[in-house]
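# Geometric and topological summary
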Amino acid sequence: MLPSHTLLSCLLGAALLAPVPLGAPAADDRTVDYRGLRLTVPADWRIVDLERNPDACLRLDRPALYLGHAGTQSECGAARAAARRSDTLHLEPLHGAPPRADIPTVGGDGGDPLPKVRGDSNEIRYALRRAGLMATVSYGSTPEAVRSVLTRARALTPPAAPGPGPVDPVGAPGPGPRTTVQAPFTGEGFDACTAPTQRTMDAWRADSPFGAVGVYIGGRARACAQPQLTAGWVSRQAAAGWHLMPIWVGPQPWNSSSTGLSTDPSEANEQGRAEAEGAAHAAAALGMAEGTVLYNDLENYSDRATWDAPVVAYLTAWTVRLRELGYASGAYVSASSGAKALSAHYAQAPEAMPDVLWVARWNGAASVTDADLGLPAGTVQWTGGRRAHQFRGDHDATYGDVTLNIDRSWLDVGAQTPVKAPKVPKAPGKAKKAPAKSPAKAPAKVPAKAPAKAPAVVPAKAPAGV
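We now turn to the structure provided with this report. Computed from a predicted structure; not experimentally measured.

### Examining the environment of Thr105
- Mapping Thr105 onto the fold places it in strand E7 (residues 105–107).
- Considering only alpha carbons, one finds Thr105 and Gly119, 14 residues apart in sequence, at a separation of 9.6 Å.
- Within the structure, Thr105 has its side chain in polar contact with the side chain of Arg125 (distance 3.2 Å).

Below, the structure is given as structure tokens:
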């Protein structure tokens, strides 16, 4: 039986319910009572009780209502990037909710007008103090539909006095000093869809061959929720000696209203700058030091004639803006697509190219040769501690009796000293305002958004054989 605090007023069954449109009649919707709050959710949403199934993965590409504190999320598997983001809602007790720094957290209560904010990663947290709940909203193109689920929610008992305020919102770095600048690292690393628990990190630090870990700090195409990802988690891993690889999953080279990259190089350039600002904001809030390499996850594509030009414009704009914000730039790309596009245009603007090239080619070779990365033989591109190679993807690995689904990489990453771009002068205007995408002010080290610049590189569309 379900725990007593989770009552479903309809039979759910064990399997995923047959989808129906979000606009279906109210009679087709489903009513859920959770800790004194009654909600009506669309009929196609899965309802996942995390106390009953603590290993369940909080995926952001499947419509769902998640109830309770997240557990190990050991069921998270492949697909780190979501081709299509879905509406999801995660409700958990306010007491014990992790102090996440990667997404905005704002106050709000069911039945009251909720603050209409948006997040760089298409996620928002509402601290429902009267209900004693934390509500994490995830959405595709717009948060309105899932936010309306909260707006229509009703208390089953008289509301209590408001509890403690919400945790520090995104943009305010966690307590204590930031992590130190990454030290050079040569060796094996892994990434998983969601940041592992501390028990897993400790066990793998002791028994695995890995010294580096990739963690998905945000982006509109991020496929898994990150309940473990706090400034404290980052600080603990750095102190334990892990080399951190922060990954941002921004717009992708596919056609999608929620996660797609523009095919227009000029628009892709603007997207690159905006994504860099979101990534720098999240990294600063997580306590990551300036100079840290932030990696943009850009998945494989087959139509190079369409995508090469916007991909190069996007990643070079990402690089230029990150340097303006004090961070170094990395690009995770495929050997057969993104790596070839960047290589073909390297001579056009070498100063705008990512500082580190991380290439996916699942050939089983733990090395960073030109062939591994799909680069011309004997090239000087990304030499001297500026390469990483994901040589095996999507498999289960067990160390210290803890199993994770991971990708494996070999890193040869030295100390990065990107050229600091000149500060962009502030445009004249009214007094400062917080960015529209976040309810909190930007951290001191992350400047407000600068006016859009001309693309660093806008190549002509390349033929497929380049």
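Let's pick the thread back up.
### Some remarks on the environment of Ser302
- Structurally, Ser302 can be placed in the loop between strand E14 (293–297) and helix H5 (304–324).
- Given the relative accessible area of 73%, Ser302 is considered exposed.
- In sequence terms Ser302 and Pro253 are 49 residues apart; their C-alpha atoms lie 9.4 Å from each other.

### As for the packing of helix H4 (residues 265–285) against H5
- Running from N to C, H4 and H5 point in directions that differ by 35°, and their axes come no closer than 7 Å. The handedness of the crossing between H4 and H5 is right-handed. Touching Pro265, Ala268, Asn269, Gln271, Gly272, Arg273, Glu275, Ala276, Glu277, Ala279 and Ala280 of H4 are Ala309, Pro310, Ala313, Tyr314, Ala317, Trp318, Val320, Arg321, Leu322 and Glu324, all from H5.
- The residue makeup of the contact of H4 with H5, split by class, is 13 nonpolar, three polar and five charged.

### Quick notes on unusual backbone geometry
- Positioned with a positive phi, Arg35 is a non-glycine residue whose angle comes to about 50°.
- Taking relative accessible area as the criterion, Arg35 reaches 39% and is therefore assigned partly exposed.
- In this model, Asn122 sits at a positive phi of 55°, which is unusual for a non-glycine residue.
- Relative accessible area serves as the criterion here: at 9%, Asn122 is assigned to the buried category.

### Focus: the packing of aromatic side chains
- In the structure shown here, the tally under the stated rule is nine aromatic pairs.
- Where Phe190 meets Trp204, the ring centres are 4.9 Å apart and the plane angle is 50°; that geometry is what we call tilted. Here Phe190 is found in strand E11 (residues 185–191), whereas its partner Trp204 is found in helix H2 (residues 198–207), with 14 residues between them in sequence.
- Taking relative accessible area as the criterion, Trp204 reaches 0% and is therefore assigned buried.
- An aromatic cluster is present here, built from Phe190, Trp204, Phe210, Trp242 and Tyr399 joined pairwise through their rings.
- Here Arg205 stacks its cationic end above the ring of Trp242, 5.3 Å away from the centre of that ring.

### Things to note about H4
- The end-to-end C-alpha separation of H4 is 30 Å, in line with the 30 Å expected for 21 residues at 1.5 Å each.
- The N-cap residue of H4 is Asp264: its side-chain oxygen and the backbone nitrogen of Ser266 are 2.8 Å apart.
- In the segment just after H4, Gly287 is the residue with positive phi, at about 85°.

### Concerning the side chain of Asn405
- Looking at the element boundaries, Asn405 is found in strand E18 (residues 402–413).
- Overall, the relative accessible area of 11% leaves Asn405 in the buried class.
- A distance of 3.3 Å separates polar atoms of two side chains, one belonging to Asn405 and the other to Asp396.
- Every residue in contact with Asn405, bar those within four places of it in the chain, is listed here: Cys76, Gly77, Ala78, Arg80, Asp191, Ala192, Asp394, His395 and Asp396.

### Topic: the pairing of strand E6 (residues 88–93)
- By the criterion of burial, E6 is predominantly enclosed, with six of the six residues buried.
- Of the strand pairs in this sheet, strand E5 (residues 64–67) and E6 are connected by four bridges, and their pairing is parallel. Residue Leu67 lies in a different strand from E6, and its bridge partner there is Leu91.
- The pairing of E6 with strand E9 (residues 133–138) spans six bridges and is antiparallel. Paired with Pro93 across the two strands is Leu133, which belongs to E9.

### Some details on the environment of Arg205
- Within the fold, Arg205 resides in helix H2.
- Arg205 sits 195 residues away from Gly400 along the chain, and the two C-alpha atoms are 9.1 Å apart.
- When sequence neighbours within four positions are dropped, the list of residues in contact with Arg205 reads Phe210, Gly211, Ala240, Gly241 and Trp242.
- A polar contact is formed between the side chain of Arg205 and the backbone oxygen of Ala240, at a distance of 3.1 Å.
- Engagement of the side chain of Arg205 in a polar contact is seen with the backbone oxygen of Gly241, the distance being 3.3 Å.

### Points about the state of the cysteines
- What the rule picks out here adds up to two disulfides.
- Disulfide pairing places Cys57 opposite Cys76 at an S-S distance of 1.9 Å. Disulfide Cys57-Cys76: torsion about the S-S bond near 90°, hence right-handed. Placement of the pair is Cys57 in the loop between strand E4 (46–49) and E5 and Cys76 in the loop between E5 and E6, with a sequence separation of 19 residues. Neither Cys57 nor Cys76 differs from the other in exposure class; each is buried.
- Two residues share a disulfide in this structure: Cys193 and Cys224, whose sulfurs sit 2.0 Å from each other. Linking Cys193 and Cys224, the disulfide has an S-S dihedral of approximately 95° and is accordingly described as right-handed.

What counts, and at which threshold
Residues numbered from 1 in each chain as written. Predicted model: local features only at pLDDT ≥ 70, side-chain atom pairs only at ≥ 80, totals over all residues. Heavy atoms only, no water. Helix = DSSP H or I, 4+ residues; strand = E, 2+ residues; numbered from the N terminus. Polar contact = N/O pair within 3.5 Å; in protein donor to acceptor, adjacent residues only side chain to side chain. Buried < 20%, exposed > 50% of the residue type's maximum accessible area, 1.4 Å probe, protein only. Axes fitted to C-alpha atoms, helices over the stretch in contact; angles between N-to-C directions. Left-handed = near helix turned anticlockwise from the far one by under 90°. Contact = heavy atoms within 4.5 Å. Nonpolar A, V, L, I, M, F, W, Y, C, P; charged D, E, K, R; others polar. Phe/Tyr/Trp six-rings, centres within 6.5 Å; stacked < 30°, edge-to-face > 60°. Lys NZ or Arg CZ within 6 Å of the ring centre and 35° of its normal. Expected span 1.5 Å × (residues − 1). Pairing = 2+ DSSP bridges. Disulfide = S-S within 2.5 Å.

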